[in-house]
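Here's the letter readout for the chains.
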Amino acid sequence: MLVLHTIVFFSLLLLVPAAWLLPERWQISAVSLLTAAFLLYVAPISALMLLLTAAASYWVFKSSWLRPTGAVLLAIGQAVAVWMVFKSEWPTQAGWWTQVGVPLGLSYYTFRQIHYAIERYKQTLPRHTWADYLRYLFFLPTMLVGPINRFPDFLRDVRRRRWDAALASVGLERVLYGYVKVVVLGNALLTNKLGHLLTALEPQHPALATYLGILRFAGNAYVQFAGYSDIAIGLSLLLGFRTGENFAAPFLAPNLNDFWKRYHISLSQWCRDYVFSPLLSLTRRPMLAIAASMLVLGLWHEWSGRYLVWGALQGLGILFWHQYQKFAEKRPNVVPVLPVWLGVFLTLHFYCFSCVIIREPSWQAVAHTFYRLLS
């Protein structure tokens, strides 16, 4: 929460005035410099890592001794290597990163750097400079909590942005909505109030308390994440940038395929564009492309076995739904069509139960949770 408050007040007090009151040619550069200063103050190692990986992912394409294929592999490889080191389980368990910590926003800027490298290799990016790329990466609203915005969209807004009071008003509303989700719904109600109620309920009704605790974990994760996304989108609007939506009522999705089109949309679209589509083009096997996409989506959160299994479960759920759809179309008299409410119920519970794997600290704890649920 301290970081959230700091980001919001820093943005409102310094970034927004700098983005509109300075001469136009200095506005976005000032936003980037202030973001870098902010990062140097709260997490200097994060600032250093971001600057080094950004330099590597940009200048490797300027090298005269590398072919484009080698450049894109190096650009992606160095970003993924840094991400794997800091997002693995074993350094944390060994206490190596107790003092260092994971760089703020590492997953988000790593995936943006991979997006940039691939699009630059494909030569689909508009003409730009090293400074444009730094401005894109050092954009505070989306740097720490997403969404994973794209470089061409950012560059388009840099060139088209004009002060718009109505847009600024919408931005302030989104920041307020986000605050309500994070502080009121997430922290006060789901974390504190419901947490105390479940603690009191557990001795008399352990199965019910466990069931409600599973729903609470998934619901709280969604509310918190959606709240931070609202704040990021709102702050972007205040700076004149239109960042894409990241959530669209995912818990009302009637199947898991639709769920992942509504939940963390920017990450799902990233996996679609850079994992699913290339693999489908190479193999012509959509099932393999879906499975690989969901594994990457799971590992994006953490390079660990439990997130690998969690991503695999999401992939299996989507594959099962596709097979069910095909079978239902071929045998409409044999396989019933699920009513929407039942599809929503099953999708919600599949997702919530799968999250037990990432909620608990060990596989023994996961087994114990399901044992209490069934006891």
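Scroll up for the structure.
**Student:** When you look at the pattern of salt bridges in this model, what are you seeing that I'm missing?
**Tutor:** Pairing between side chains of opposite charge can happen when their charged atoms approach one another. Taken as a whole, this structure holds 14 salt bridges when the rule is applied. In this structure, the salt-bridge partner of lysine 122 is glutamate 119, at a minimum N-O distance of 3.7 Å. On the accessibility criterion, glutamate 119 (11% relative accessible area) is buried. A salt bridge links glutamate 245 to arginine 174, with the shortest nitrogen-to-oxygen separation between them at 2.9 Å. Of this pair, glutamate 245 sits in the loop between helix 11 (206-238) and helix 12 (256-262) while arginine 174 is found in helix 10 (residues 165-201), placing the two residues 71 residues apart along the sequence. Judged by relative accessible area, which is 43%, glutamate 245 ranks as partly exposed. On the accessibility criterion, arginine 174 (16% relative accessible area) is buried. Via salt bridges that share partners, Arg174, Lys181, Asp230 and Glu245 belong to a single interconnected network.

**Student:** Explain the environment of threonine 191 to me, please; I cannot follow it from the model alone.
**Tutor:** Of note, threonine 191 is situated in helix 10. Judged by relative accessible area, which is 31%, threonine 191 ranks as partly exposed. Through-space distance from the C-alpha of threonine 191 to that of arginine 216 is 8.1 Å; in sequence the pair is 25 residues apart. Beyond its immediate chain neighbours, meaning those up to four positions away, threonine 191 contacts Gly186, Arg216, Asn220 and Gln224.

**Student:** What is the right way to look at the layout of surface pockets in this model?
**Tutor:** One water molecule sets the probe size; rolling that probe over the atoms shows where empty space is left. The computed volume of the largest pocket comes to approximately 960 Å³. The wall of the largest pocket is formed by 33 residues, among which Tyr108, Val145, Phe225, Trp300 and His301 lie closest to the centre. Looking at the lining of the largest pocket, the elements that each hand over two or more residues are helix 1 (2-21), helix 6 (106-121), helix 8 (140-143), helix 11, helix 14 (286-301) and helix 15 (305-330). The leading source of residues in the lining of the largest pocket is helix 11, at 8 residues.

**Student:** Could you clarify how one ought to interpret the environment of valine 60 in this entry?
**Tutor:** Among the secondary structure elements, valine 60 is positioned in the loop between helix 3 (44-59) and helix 4 (68-87). Taking the C-alpha atoms as reference points, valine 60 and alanine 71, separated by 11 residues in sequence, lie 5.6 Å from one another. When residues no more than four places from it in sequence are discounted, the contact partners of valine 60 are Ala55, Leu66, Ala71, Leu74 and Ala75.

**Student:** Where do I start with the environment of alanine 54 in this structure?
**Tutor:** Assignment of secondary structure puts alanine 54 in helix 3. Owing to a relative accessible area of 0%, alanine 54 belongs among the buried residues under this scheme. A C-alpha to C-alpha distance of 7.3 Å links alanine 54 and leucine 134, two positions 80 residues apart in sequence. Discounting residues that sit within four places of it in the chain, alanine 54 has contacts with Gln113, Trp130, Tyr133, Leu134 and Leu137.

Cut-offs used in this document
Once a new chain begins, its residue numbering starts again from 1 and follows that chain's sequence as written. Reporting of local features is limited, given that this is a predicted model, to residues whose pLDDT is at least 70; pairs of side-chain atoms are given and counted only at 80 or more, and all residues count toward the totals for whole chains, interfaces and linings. Here the side-chain values reflect all heavy atoms present in the structure, with hydrogen atoms and water set aside. By definition here, a salt bridge exists when the distance from a side-chain nitrogen of Lys or Arg to a carboxyl oxygen of Asp or Glu is within 4 Å. For the exposure calls, accessible area comes from a 1.4 Å probe over protein chains only, and a residue counts as buried if that area is under 20% of its type's maximum, exposed if over 50%, partly exposed in between. Secondary structure elements follow DSSP: runs of H or I no shorter than four residues count as helices, runs of E no shorter than two count as strands, and numbering proceeds from the N terminus. By definition in these notes, contact holds between two residues if any of their heavy atoms fall within 4.5 Å. Buriedness for pockets is judged along seven lines, at least five of which must meet protein on both sides within 12 Å for an open set on the 1 Å grid over protein atoms alone, while cavities are sets there where a 1.4 Å probe fits but cannot get out, and lining residues have an atom within 4 Å of a point. Grid points are joined across faces, edges and corners, and a volume is the space filled by probe spheres set on the points.

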